[in-house]
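Residues per chain, in single letters:
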Amino acid sequence: MSSSLFSMMAAVADAAHAVPAWVALAYLISGVFFILALRGLSSPASSRRGNRFGMAGMAIAVATTLYTHNVVALPEIVAAIAIGGVIGFVIARKIAMTDMPQLVAAFHSLVGMAAVVVGAAAYLSPVAFGIADADGSIFPASRVEMGLGVAIGAITFSGSVIAFLKLNGNMSGKPILLPLRHLINLGTLAAILGLVAYFTQDQSPWIFWTVTALSFLIGFLLIIPIGGADMPVVVSMLNSYSGWAAAAMGFTLGNTAMIITGALVGSSGAILSYIMCKAMNRGFLSVIAGGFGAEAASGDGEAKEQRPWKRGSAEDAAFLMGEADNVIIVPGYGMAVSQAQHALREMGDMLKEKGVNVKYAIHPVAGRMPGHMNVLLAEANVPYDEVFELEDINSEFGQADVAFVIGANDVTNPAAKTDKTSPIYGMPILDVANAKSVLFVKRSMGGVGYAGVDNDVFYMDNTMMLLADAKKMVEEIVKALD
């Protein structure tokens, strides 16, 4: 054991000395670009610049890797990159913003599968990858990195596939609760960790492929109990998993850029997941356990009460907002579905021309993925200084003349504060009920939000329901304001 460890350390040292200084510098520069990319993406105002930094860093990392490895099949690799780039460009141009969450989930699955494929290739040809002695005995440290990388990658792949199916409507958004699911999950995870540990002593094929198979299985088992209302956190968590898988493979390949990139993606995804869990009053560890959201999405999708409510028209809404001093607009998934963001911006511009102070309130988990509403409003060129997060604007609803809610049901539901039996109890909400008047755009009174619970705001005396397609309703309001 000790001799193998010393051999491994010597090999790593030799490899480190063999790497030219400019290569290490190039990878360091790419890492700095990735950090600048994350910094830029933290704000809508600098997001374009952040994307450019990320692309520059990736270009440097890929070019450096190809050059230093003296790739024989360079034409094939360049062709593959070109084909993938064209496919990605076409998808990005054609994909609707409402489908962005499932697209992100699909991309995560590809990252996970890439980690599995690279790990399998390294296992089958360890000498060629420089992670084994001449006789093919894989270094113990490389076995740990390989095992963990493949396991996390497989979990990311199968989990992302389930998330995609739920978000895309191919699979019910309701949780699928298996008997003894927690016991099964813990047992499977324990088996994976135990086999990875045993893999350091024995590199038999049955161990490697069993770890791979169990990891695909646990990814499936972890996500199916999670309800559709909690998919934003799931997408964020899978993003974190994909980063850790890439980092583990970076250690296996001895590639500094992959390690840096994977660590950045993994840590930033984990931090974002934690922030979102706080926004929904959920436990961070329960996300990993796979029980997260099982109760929160247990509704049957239908409004349960028949209480009196007031219906309004576009003309009524235009009059109320035109006479107001302060209007707070709350966008939700209904805006995304109808693609009403451009009409909404036009409505906001017209209200500002009339002297109305207009602001936009964003809940951290509005929509189906982190930042969903921010992206839509940015696409419609809504000024960044008019968009506020929950903690920055919630206290202002009490001074608002009108709260204009467009398809944001769960994140405005007072039951989260008042009803201890509600599945969303404890989740911070936007306090739209405190406004003098609430205009709530909704397709019909028959449906409820993704969490499956009715909203008391619909039936309040100061609420006027605007029942129609969101885009059509906002366009009619714009005409009435003209």
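The structure this text deals with has already been given above.
From a predicted model like this one, the values you see are computed outputs, not experimental measurements. (Residues numbered from 1 in each chain as written. Predicted model: local features only at pLDDT ≥ 70, side-chain atom pairs only at ≥ 80, totals over all residues. Heavy atoms only, no water.)

Trainee: Is there a simple way to think about the pattern of salt bridges in this case?
Mentor: Should the charged atoms of two oppositely charged side chains come close, the side chains can pair. Taken as a whole and judged by the stated rule, the model has seven salt bridges. Taking the shortest distance from any N to any O, the salt bridge between Glu 386 and Lys 352 comes out at 2.5 Å. Here Lys 352 lies in helix 14 (residues 341–353) and Glu 386 lies in the loop between helix 15 (372–379) and strand 3 (387–389), a separation of 34 residues in the sequence. Note on Glu 386: relative accessible area 12%, which makes it buried. The shortest N-O distance in the salt bridge between Asp 469 and Arg 443 comes to 3.0 Å. Of this pair, Asp 469 sits in the loop between strand 6 (463–467) and helix 18 (470–481) while Arg 443 sits in the loop between strand 5 (437–442) and strand 6, and the two are 26 residues apart along the sequence. According to the relative accessible area criterion, Asp 469 is partly exposed, its value standing at 24%. (Salt bridge = Lys/Arg side-chain N within 4 Å of Asp/Glu carboxyl O. Helix = DSSP H or I, 4+ residues; strand = E, 2+ residues; numbered from the N terminus. Buried < 20%, exposed > 50% of the residue type's maximum accessible area, 1.4 Å probe, protein only.)

Trainee: Looking at this structure, how should I read the packing of helix 2 (residues 21–41) against helix 3 (residues 47–68)?
Mentor: The packing of two helices is summarised by the inter-axis angle and the distance between the axes. Direction vectors running N to C along helix 2 and helix 3 enclose 160 degrees, while the axes themselves pass 7 Å from each other. Viewed along their axes, helix 2 and helix 3 adopt a mutual orientation that is roughly antiparallel. Considering the relative orientation of helix 2 and helix 3, their crossing is left-handed. (Axes fitted to C-alpha atoms, helices over the stretch in contact; angles between N-to-C directions. Parallel < 35°, antiparallel > 145°, perpendicular 65-115°, else oblique. Left-handed = near helix turned anticlockwise from the far one by under 90°.)

Trainee: Hey, could you run me through helix 6 (residues 140–167) in this one?
Mentor: Since there are 3.6 residues in each turn of an α-helix, residues three or four apart along the chain are aligned in direction. Helix length check: helix 6 (28 residues) gives 40 Å between terminal C-alpha atoms against 40 Å at 1.5 Å per residue, within 8%. The first or second residue beyond helix 6 is Gly 169, which carries a positive phi of 85 degrees. (Expected span 1.5 Å × (residues − 1).)

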